[in-house]
Amino acid sequence: MTHASGHDGPVGTDRERLADVQHVLHGEEGSGSWRSLLYTLYVVALLSGIYGFTVLRGVVEVAHLPARGVSLGPTSGVGALVLGGVVALVVVLALLAHATGRRRGPVTPDLPWLDHVATGPADRRLVLREAWRLPATGLLVGGTLVASVLGAAVWGGGAAGPAAAVTGLAVGVLGSTTVLLAWLAGQLAADDHAGMRTGAALRTAARPGTALRALGLDGLRAHSARSARLGGGVLAGDPRAIRLEAASPVRRGRTWRLRSRGPVRTVLARDLLGLRRQPFLVVGSAVLLLAAGVALGAVVAGRPGNIVPAALCALLFHLGAGPVAEGLRLLGDTLGAPRLLGGSVTREAVAHTAAPAALVLVVAVPAAGVTAGLLAGGVAAATAALVTASVGAVVLGSQWLAAFRVMPPSFAFLPDVGPQVLLAWLAVPLLVSAGAGVVVVQTLLAATAGVPLAAASAALAVVVVWLRAHGVLGRASSAHRD
């Protein structure tokens, strides 16, 4: 057998050599990677089964779909439409995974392993096997768990029969496999040693053993080094470092130039130019905001009894506004530098907020109004437009919280509680969007029902979020000056 390294020898000998290497490096206990992964999957399965299933089943029950004559079973018309949407989502995730694989693929062994083991005579498929199996197992099991819980929640909520749970399991397995192979194909397509186009990379990724042998050492080193830098950025709580490593170089529109139009209009033109160079950001934001608007319009029309649907809509709004708020994040990264255009930092931040605000007004507000109008009439349409604009104001304020935060608290660097504190610190903008968004939705719906001072409470929630956002900007500016 001829190996990728050019060595001819029995595979059994390679297995024995690698076993000796593992023993020398990690002893009898091994590296512990599999134990950590299995424990993580166990925790995810436990939380998904207890909390995820319960919350999602509650959302389905609140929707009262059976009472409305709607079934989400795969054999019904609505269920087939939902299943088609899930398939489209899997396709989108596969495309994103392929693009991600070009920057950071699934096969990223440690650099010392590449330098001292992968360069040896052992079969590269065996050398890279564990580095491939760890992320593959995590993605396959995690994706299957999520889809299975969704299917089981639809069944448990009475919106479909047992076929929904079986369909969720099948979609989870097939969808996770598709995303995983697209991720590996992206790494193959970006590898100069493999020298494959996208089609050939996809065909080779279907045979993981062959794909592992095709990966070159230079490409593996680049992906592993980038993975280490991404991990360092996460541990340090440095979103700028993470974005710089994760983002692909922008090659579109490099000949387009930005001209001076005054302090405010130049900032607006700069954001517009950046979005023209990265149109996928606009498309992704528009899709997410469209979905958020439709969902929020349905919430306003249905007036559910619990707050979970409103919280999910606010989270979807936050995720949709984020990609086009790149100008805010760049401003946060350069707060310590002199303002070349003059004026205050606050005015520049407000100008950078125009792009996500415009997309919310153009996409989400009309979508919510049309959806509520079709479901419950003209009054609901006007209410949905007002609610959506108010939730959008909250979400834009939380984008300031995400863009202008400074270093994480010192507890984030402690060995025991550090990861939990860091995750909580990173999740603050999302939690603000969800919490304040729920307050705005519920109080405005109460105001339309004649509850006194409800509208004032909604306005107060928006004002509090923006006061907090302005305070964060001020502290970040002072920290960068110091």
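Residues numbered from 1 in each chain as written. Predicted model: local features only at pLDDT ≥ 70, side-chain atom pairs only at ≥ 80, totals over all residues. Heavy atoms only, no water.

K.L.:
What exactly am I supposed to notice about the nonpolar core here?
P.N.:
Proteins that are soluble and globular tend to have nonpolar side chains buried together. Counting 34 residues, the largest nonpolar core has Leu-289, Leu-296, Phe-317, Val-387, Val-391, Val-440 and Val-441 as the members making the most contacts within it. Those elements that place two or more of their residues in this core are helix 13 (279–302), helix 14 (308–321), helix 17 (354–376), helix 18 (378–403), helix 19 (418–448) and helix 20 (454–481). Grouped together as the second largest cluster of nonpolar side chains are 31 residues, Trp-132, Val-179, Ala-185 and Leu-217 included. (Core = buried A, V, L, I, M, F, W, Y, C linked by side-chain atoms within 4.5 Å. Buried < 20%, exposed > 50% of the residue type's maximum accessible area, 1.4 Å probe, protein only. Helix = DSSP H or I, 4+ residues; strand = E, 2+ residues; numbered from the N terminus.)

K.L.:
Can you help me understand the side chain of Thr-144 in this one?
P.N.:
Secondary-structure assignment places Thr-144 in helix 6 (residues 129–156). Aside from chain neighbours lying at most four places away, what touches Thr-144 is Leu-169, Gly-172, Val-173 and Ser-176. (Contact = heavy atoms within 4.5 Å.)

K.L.:
Even after reading the chapter, I still don't get helix 12 (residues 263–277), so can you show me in this structure?
P.N.:
Each turn of an α-helix holds 3.6 residues, which means side chains three or four residues apart point in the same direction. With 15 residues, helix 12 extends 22 Å from end C-alpha to end C-alpha; this agrees with the ideal 21 Å at 1.5 Å per step. Taken as a whole, helix 12 has its buried residues at Thr-266, Val-267, Ala-269, Asp-271, Leu-273, Gly-274, Leu-275 and Arg-277. Check the buried side of helix 12 and you find it contacts helix 13, helix 15 (326–333), helix 16 (345–352) and helix 17. (Expected span 1.5 Å × (residues − 1).)

K.L.:
Looking at this model, I keep getting lost on the packing of aromatic side chains. Mind explaining?
P.N.:
Two aromatic rings, taken as a pair, are described by how far apart their centres are and by the angle between their planes. Within the structure shown, the criterion is met by three aromatic pairs. Ring geometry for Tyr-39 against Tyr-42: centres 6.4 Å apart, planes inclined by 40°, an arrangement best described as tilted. Pair noted here: Tyr-39 and Tyr-42 are both in helix 2 (residues 33–63), with a separation of three residues, about one helical turn. Each member of the pair, Tyr-39 together with Tyr-42, is exposed. For the ring pair Trp-400 and Phe-404, a centre distance of 5.7 Å and an interplane angle of 85° mean the geometry is edge-to-face. Trp-400 gets classed as buried once you look at its relative accessible area, which sits at 2%. With relative accessibility at 1%, the residue Phe-404 sits in the buried group. (Phe/Tyr/Trp six-rings, centres within 6.5 Å; stacked < 30°, edge-to-face > 60°.)

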